[in-house]
Amino acid sequence: MSSTADKRTIPVLDFSRYEADPVSRKEFIEGLRRAARDVGFFYLTGHGIPQSLIDDVLHASRRFFALPDEDKLQIEMVNSPHFRGYNRVGQELTKGERDWREQIDIGSEAPALVRDGNLPAWTRLQGPNQWPSALPELKPLLLEWQDRLTDLSTRLLKAFAIVLEQDENAFETIYAGTPNHLIKIIRYPGRDSTESEQGVGAHKDSGFLTLLLQEKQKGLQVEAAEGGWIDAEPRAGTFVVNIGELLEMATDGYLKATVHRVVTPPAGTDRLSVAFFLGAPFDAEIPLLDLAPHLKAQASGVTRDPQNPLYRNSGQNALKSRLRSHPDVARRHHADLIATQARAEVAPFA
Ligand SMILES: O=C(O)CCC(=O)C(=O)O
Ligand SMILES: [Fe+2]
């Protein structure tokens, strides 16, 4: 049994133990189970991503945000029907409220599909990224980051399959072929404490797993099982890992996507983070795993929220999240979908 104190501490797990001897591997799996069930968040060490690459990504991100506005706005997201590119501060919404952060979204690189009413609406999410011409080194660096983090997150998903007493490859359809992912490079400017403190509002992540790199400034908070917020302060050399709604759906709530938020840093400072979201290919249906009875007995079902219907089809889920977070892109490129979306939000769980 875990104590209340355990449920308020974000554990540290060393991934190198999963790929070591059988005893270490077993201990890692048990630690992962407790972390995933008690808090839904943990710090990952032993991940094998070189510190030099981490430093390069953080430095390049800093250089991007320091560019003149006109260079950043050259790749503004509103130009992209595929929800790629730069958003200025206050442009993104969480539960209808403005988030106080600027960011670039970079997804899987793929050609756009010709619009065709016979294709599902989510096919519009597929397309090229926008890259800043003022910072040419960003593209090769982030393409390398995509590869490395895809590899790490899919290996971690195998460990989760073991936690769930499934074959290690139970989630293979999620990462075989072209895995689907999203990188968000985010800067939270400081603000006076008399203003809203919403860096990003309380939410769950919509993919399978999230791997988050934090620079130095704190601000990320995780909702505790018994209420209240736990600070997930930056720890050098680690990623913060958390579970998304697709993994909650696949396990019927044995694993839960934990609510989290970012509090705006004090005026005169800022906060930098780089989030990697492992999703599922847009055409994938999220499997419902057949869990062993003793695990099923601990699965409390998927959280149902009429404001946030969850779909088994990955693309439908992703499109729902994107239309809601980026109303400017929705209005410019997807006006025909907005009414359908509004109807879906009041419809029961699909
Ligand atoms: O910036 C962070 O620390 C977390 C960001 C986040 O939760 C998100 O973008 O989903
Ligand atoms: Fe998040």
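Residues numbered from 1 in each chain as written. Chains lettered and ligands numbered in written order. Predicted model: local features only at pLDDT ≥ 70, side-chain atom pairs only at ≥ 80, totals over all residues.

Inclusion rule: UniProt positions are given in the numbering used here, feature names are shortened, and annotations may be inferred rather than shown by experiment.
As recorded by an unreviewed UniProt entry, the chain carries the name 2-oxoglutarate-dependent ethylene/succinate-forming enzyme and is attributed to Rhizobium loti. For the chain, the Cofactor (unreviewed entry) comment in UniProt is given as "Fe(2+)".

Considerations on helix 1 (residues 22-38)
Keep this limit in mind: Numbering of helices and strands starts at the N terminus; helices are DSSP runs of H or I of at least 4 residues and strands are runs of E of at least 2. To estimate the expected span of a helix, subtract one from its residue number and multiply by 1.5 Å. Whether a residue is buried, exposed or partly exposed is read from the other C-beta atoms within 10 Å of its own C-beta, which are placed from the backbone; 20 or more gives buried, 12 or fewer gives exposed, and intermediate counts give partly exposed.
Helix length check: helix 1, at 17 residues, gives a terminal C-alpha distance of 24 Å against a target of 24 Å (1.5 Å per residue), a fit within 8%. Of all the residues in helix 1, the buried ones are Phe28, Leu32, Ala35, Ala36 and Asp38. Just beyond helix 1, the residue with positive phi is Gly40, at close to 80°.

Considerations on helix 4 (residues 138-163)
Under the 1.5 Å per step criterion, the end-to-end length of helix 4 is 36 Å for 26 residues, consistent within 8% with the ideal 38 Å. When we look at burial in helix 4, the residues that qualify are Leu138, Leu142, Trp145, Gln146, Leu149, Leu152, Ser153, Leu156, Leu157, Ala159, Phe160 and Val163. With its phi angle positive at about 60°, Glu165 sits one or two positions after the end of helix 4.

Regarding the UniProt feature "domain: Fe2OG dioxygenase" (unreviewed entry) in the chain
Under the UniProt annotation, "domain: Fe2OG dioxygenase" (unreviewed entry) lies at residues 178-280. The distance from the first to the last C-alpha atom of residues 178-280 is 9 Å, and the span holds 6% helix and 45% strand.

Thoughts on the site of ligand 1
Note the threshold: Here, nearness is defined through the C-beta atom: a residue counts as near a molecule or strand if that backbone-placed atom lies within 6 Å of it. Ten residues, namely Ala, Val, Leu, Ile, Met, Phe, Trp, Tyr, Cys and Pro, are considered nonpolar, four, namely Asp, Glu, Lys and Arg, are considered charged, and the remaining ones, Gly among them, are considered polar.
Close to ligand 1 lie Lys184, Ile186, Val200, Asp205, Leu212, Gln214, Leu220, His260, Val262, Ser273 and Ala275, which account for all nearby residues. When the residues that make up the shell around ligand 1 are grouped by side-chain class, the tally is six nonpolar, three polar and two charged.

Describing the sheet that holds strand 2 (residues 41-45)
The condition that has to hold: Here a strand pair is declared whenever DSSP counts at least two bridges between the two strands. Angles here are taken between N-to-C directions and fall from 0 to 180 degrees, while the axes themselves are lines fitted to C-alpha atoms, restricted in helices to the stretch in contact. What counts as a contact here is a pair of residues whose C-beta atoms, placed from the backbone, lie within 7 Å.
Pairing within the open sheet is mixed, and its eight strands lie in the order 1-2-12-9-14-7-6-3. Looking along the sheet, the strands with just one partner apiece sit at the ends: strand 1 (12-14) and strand 3 (85-87). Between one strand axis and the next, the sheet turns by 25° as a mean value, whatever way the strands run. Relative to strand 14 (residues 270-278), strand 9 (residues 209-214) runs antiparallel, the two being bridged by six bridges. Bridge pairing in strand 14 places Leu209 opposite Leu278. Most of the contacts of helix 2 (residues 51-65) go to strand 14, to which it runs at about 120°, and overall it touches strand 6 (102-107), strand 7 (181-189), strand 9 and strand 14.

Some details on the nonpolar core
Side chains of nonpolar character tend, in soluble globular proteins, to be buried together. Rule in force here: In these notes, a nonpolar core means any group of buried Ala, Val, Leu, Ile, Met, Phe, Trp, Tyr and Cys residues linked to one another through C-beta atoms within 7 Å.
Residues Phe42 and Leu209 are the most contacted members of the largest nonpolar core, which totals 80 residues. At 10 residues, helix 4 tops the list of elements feeding residues into this core. Those residues in contact with Leu209, other than ones at most four positions away along the chain, are Ser153, Leu156, Leu157, Val241, Ile243, Gly244, Leu247 and Leu278.

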